[in-house]
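Summary of structural features
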There are 2 protein chains.
Amino acid sequence: MTLHRIVLGMIIGITLTATTAVRAEPIVTERHQVSLHTITDELNKPWGMAFLPTGDLLITEKAGTLRKVSLDGTISAPIPGVPAVVDAGQGGLLDVAVDPDFATNRWIYLSYSEADPAGGNGSSTAVMRAKLTDSGLQDGTVVFRAIPKYDRAAHFGSRLVFSPDGHLFITLGDRFTAKDDAQTLDSHHGKVVRILPDGSIPADNPFINTPGALPEIWSYGHRNVQGAAIHPTTGELWTAEHGPKGGDEINIPAAGKNYGWPVATYGVNYDDTIISERTHVEGTEQPHYYWVPSIAISNIMFYTGDQFPAWQGDLFVAALKGSQIARLDLEGERVMHEETLFADDIKQRIRDIEQGPDGYIYLITDDRAGRLIQIKPAS
Amino acid sequence: MTLHRIVLGMIIGITLTATTAVRAEPIVTERHQVSLHTITDELNKPWGMAFLPTGDLLITEKAGTLRKVSLDGTISAPIPGVPAVVDAGQGGLLDVAVDPDFATNRWIYLSYSEADPAGGNGSSTAVMRAKLTDSGLQDGTVVFRAIPKYDRAAHFGSRLVFSPDGHLFITLGDRFTAKDDAQTLDSHHGKVVRILPDGSIPADNPFINTPGALPEIWSYGHRNVQGAAIHPTTGELWTAEHGPKGGDEINIPAAGKNYGWPVATYGVNYDDTIISERTHVEGTEQPHYYWVPSIAISNIMFYTGDQFPAWQGDLFVAALKGSQIARLDLEGERVMHEETLFADDIKQRIRDIEQGPDGYIYLITDDRAGRLIQIKPAS
């Protein structure tokens, strides 16, 4: 199997050296004409990706494999040393992040649904840190483990992003049936947590001195946060979370704040009736922006590159539903405009979006023939 | 003709005492289920409306008639005393406003395209103030007259709104072919102006001491401002303007600020190519919110009533294109969400939107069988 993938990867590397355009003609958007190029369609339900300083990508596949993918389409064999994951429902191997000091310390971070070490059917989100070496991951340590475990395969979050001051944010889900956990501080579910890269707790975390509260918690009242990015000028964390039907949210989670789920929501029932009249509840924060109906946000990305000058500073919101990207034109932090990109051009759910060191934009699609797509200016 | 209309109005008044639902079934929106009722469809290209303290409406018809319309569907004969208008293209009798102290002073205000008093084919936007009496308008005086006149039947603006401190804002257009006038202070075109109700100039207007500048000017760099409303808590003026193709804007015009047209715009050409790369030009303000493609905004309204509690504080943006209303859910001044209302329910261009003293929402449609529509909670 491994050999098969290596050989397959070599073939792909050869046949796709010139990448394949998804559509031949340029796609006209409001501010740029672009083209989409498939670098590979040989990924098996990829979930997260992160660029290495070499310009190669690390890409997770949900079933539990981590691969290095080059922009010429070469896909590595599975990298050894990945933790065991519970590949069920929405769980599995999820996000990957590269340490800001990777060039010197070689640390990478993986989020995943982890079986209960004590046995049983429960699982929850965990984060492993390990060193990426030529022979695989080494020195793997679990630096975060969400509690409690639940026997439920939904709403694990989870994105991993580093703040400019070196903290690791981990975004989590409410585990669906345990949604009330989002409002209690003795559970990690429905939270954004903030740790130091070695798993220790920052001394200025908001609940570190609150009796009964888990010290990793940064913000709470979230549903299922699968998108996260750092604003390029403010340095603040921005997150995206799935609503039920409707109520997908962008938030700018501040230390110790409650973002309302499930006591306040813009989400509605699947028959379009209202879940709750309460969109505003005292002590909870309004979303920064929201969608009804849901677009099912996977990840978000601020664009800062030179390839698309008119998109600089904009927030790109990748969506599973409609295979679209919402471009939010921001003035400061304020949304001035939303453009829907690629609604007719990509026929797979978009699972992650990242800016490359080359200034192009990269997508992965959530499919057993999952694609890595490169967005370039149309030539 | 007048008698015909009176008789017709009486008949309508009888037949429509129970208003006619545009659609039988309730319309499900995100936060409220509503029904639309046609109070009358006997208006001839209505343009502006304003509620009198009695609960009746004054409604302008573009060709030059002003009528009183009751909510039982009774339409009055034309009210005598309306100024002569140039009914051509986008020009004619435009907006109507009722003085905040109408109950004691009986003043109303009409904006319209006025022929050049000196002769010739030129016209421009003017505003008359007159007293509404049982025998028609009396003591009519032109309190504002835009200069220069142009022989062009496009982009007159114009909405009339009173600020809480008693100033009258008049929103104007760039006269289309004279768009560069929007950037010069020696012309009223492409401006928002601010006067006292008698036409005198407020002592704190921003350009009152600027040599060569017209003292009525409040803000500049606008294209064609046909929407205006006062924010219910800040008391600030909000405006809406038409872009070319794309670039319809909401602005919060501040004293002396330049809103960029035509040097900066999000509008695009009709073949979707870019007019200008310049959306940001130093010294000009970004829009508060914008649309690409255009929805062709007619008027805007903040909802503050009790009939639709979940809509309180929202901005309703009526559009000619698509016969839609955009509901902007605001948190403070920030747009959190946009909902499109009634895209399939009203098959005429929506020309004005107002909240009634009863808390219902009223629309007029721009048609020779123009309708007055009442929006109520679905029973």
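In every chain, residue numbers begin from 1 and rise along the written sequence. Think of it this way: whatever chain is written first is A, whatever ligand is written first is 1, and the rest follow in order. Predicted model: local features are reported for residues with pLDDT of at least 70 only, side-chain atom pairs are reported and counted for 80 or more only, and whole-chain, interface and lining totals are derived from all residues. For the side-chain quantities, the full set of heavy atoms in the structure was used; hydrogens and water were omitted.

Turning our attention to the sheet that holds strand E6 (residues 65–69) of chain A. Residue and element names in this part refer to chain A. A pair of strands is considered paired only if DSSP assigns at least 2 bridges between the two. Numbering of helices and strands starts at the N terminus; helices are DSSP runs of H or I of at least 4 residues and strands are runs of E of at least 2. One open sheet holds the 3 strands; their spatial order is E4-E5-E6, and the pairing between them is antiparallel. Each having just a single partner strand, strand E4 (46–51) and E6 make up the two edges of the open sheet. For this sheet, the mean inter-axis angle between neighbouring strands, taken without regard to orientation, is 20 degrees. As defined by bridge partners, strand E5 (residues 57–61) adjoins E6 across 5 bridges and the pair is classed as antiparallel. Looking at E6, one finds that Thr60 is bridged to Leu66. Angles here are taken between N-to-C directions and fall from 0 to 180 degrees, while the axes themselves are lines fitted to C-alpha atoms, restricted in helices to the stretch in contact.

To define a nonpolar core, start from buried Ala, Val, Leu, Ile, Met, Phe, Trp, Tyr and Cys residues and group those joined through side-chain atoms within 4.5 Å. Exposure classes here rest on a 1.4 Å probe applied to the protein chains alone. A residue is buried below 20% of its type maximum, exposed above 50%, and partly exposed in between. By size, the foremost hydrophobic cluster in this structure holds 36 residues, and its most contacted members are Ile250 and Val317 of chain A together with Ile250 and Val317 of chain B. The contact criterion used is simple: two residues touch if any of their non-hydrogen atoms lie within 4.5 Å. Not counting residues within four places of it along the chain, the set of residues in contact with Ile250 of chain A comprises Trp238, Thr239, Ala240, Pro287, His288, Tyr289, Trp291, Ile297, Ile300, Leu315, Val317 and Leu328 of chain A.

The next subject is the sheet that holds strand E11 (residues 160–162) of chain B. All names here are of chain B. Within the open sheet, the 4 strands sit side by side as E11-E12-E13-E14. Their pairing is antiparallel. On the outer flanks of this sheet lie E11 and strand E14 (217–219), each paired with one strand and no other. Put simply, the sheet's adjacent strands are angled 30 degrees from each other on average, direction ignored. With 3 bridges connecting them, E11 and strand E12 (residues 168–171) associate as antiparallel partners. The residue bridging Leu160 from the neighbouring strand is Ile170, located in E12.

Each of the two chain copies can be brought onto the other by rotation about an axis and movement along it. Copy-to-copy alignment: least squares on C-alpha atoms, limited to residues at pLDDT 70 or above in both. When chain A is fitted to chain B, the residual RMSD is 0.0 Å, and the transformation amounts to a turn of 180 degrees plus an axial shift of 0.0 Å. As the rotation angle and translation indicate, the two copies are arranged about a two-fold axis. When you check the interface residues of chain A against chain B, 100% turn up at the interface there too, and the contact is symmetric in its surfaces.

The next subject is the pairing of strand E10 (residues 136–145) of chain B. Residues and elements named next belong to chain B. Both strand E9 (residues 123–133) and E10 contribute to a ladder of 7 bridges, which runs antiparallel. Within the sheet, the bridge partner assigned to Arg129 lies in E10 and is Thr141. The hairpin formed by E9 and E10 contains 2 residues between the paired strands.

Note on backbone geometry: most residues besides glycine have negative phi, and most peptide bonds are trans. The omega torsion of the bond from Ile147 of chain B to Pro148 of chain B falls at -10 degrees, within 30 degrees of zero and hence cis. Mapped onto the elements of the fold, Pro148 of chain B is located in the loop between E10 and E11. For Asp139 of chain A, which is not glycine, the phi torsion reads 55 degrees and is therefore positive. The backbone phi angle of Phe342 of chain A is positive, close to 65 degrees, even though this residue is not glycine. In this fold, Phe342 of chain A is placed in the loop between strand E22 (334–341) and strand E23 (350–355). In this structure Phe342 of chain A comes out as buried when scored by relative accessible area, which is 4%.

Take the interface of chain A and chain B next. One frequent convention defines the size of an interface as the accessible area lost when the parts assemble. Each partner contributes residues to the interface: chain A has 26 residues there, and chain B has 26 residues. By buried area we mean the combined loss of accessible area, with a 1.4 Å probe, across both parts when two parts are placed together. Approximately 2300 Å² of surface area, both sides summed, lies buried where chain A meets chain B, with 47% of it carried by carbon and sulfur atoms. When the buried surface of chain A facing chain B is broken down by residue, Arg31, Tyr290 and Met336 of chain A rank first, second and third, together holding 29% of it. Whenever a carboxyl oxygen of Asp or Glu lies within 4 Å of a side-chain nitrogen of Lys or Arg, that contact is scored as a salt bridge. At the boundary of chain A and chain B, one finds 0 salt bridges. Within 3.5 Å is the distance limit for a polar contact, defined as a pair of N or O atoms, with the added protein rule that one can donate a hydrogen and the other accept it, and that residues adjacent in sequence qualify only through two side-chain atoms. Counting across the chain A and chain B interface gives 10 residue pairs in polar contact (both at pLDDT 80 or more). Elements represented by at least two residues in the side of chain A that touches chain B include exactly strand E18 (289–291), strand E21 (325–331) and E22 of chain A. A per-element tally of the side of chain A that touches chain B places E22 of chain A first, with 4 residues. Each residue belonging to the side of chain A that touches chain B can be placed in one class, and the counts come to 11 nonpolar, 7 polar and 8 charged. Here the nonpolar group is Ala, Val, Leu, Ile, Met, Phe, Trp, Tyr, Cys and Pro; Asp, Glu, Lys and Arg are the charged ones; every other residue, Gly included, is treated as polar.

All names here are of chain B. In this fold, Ser111 is placed in strand E8 (residues 107–115). Here Asp95 takes part through its backbone nitrogen, which lies 2.9 Å from a polar atom of the side chain of Ser111. The contact partners of Ser111, leaving out residues within four places of it in the chain, are Gly92, Leu93, Leu94, Asp95, Ala126, Val127, Ser158 and Leu160.

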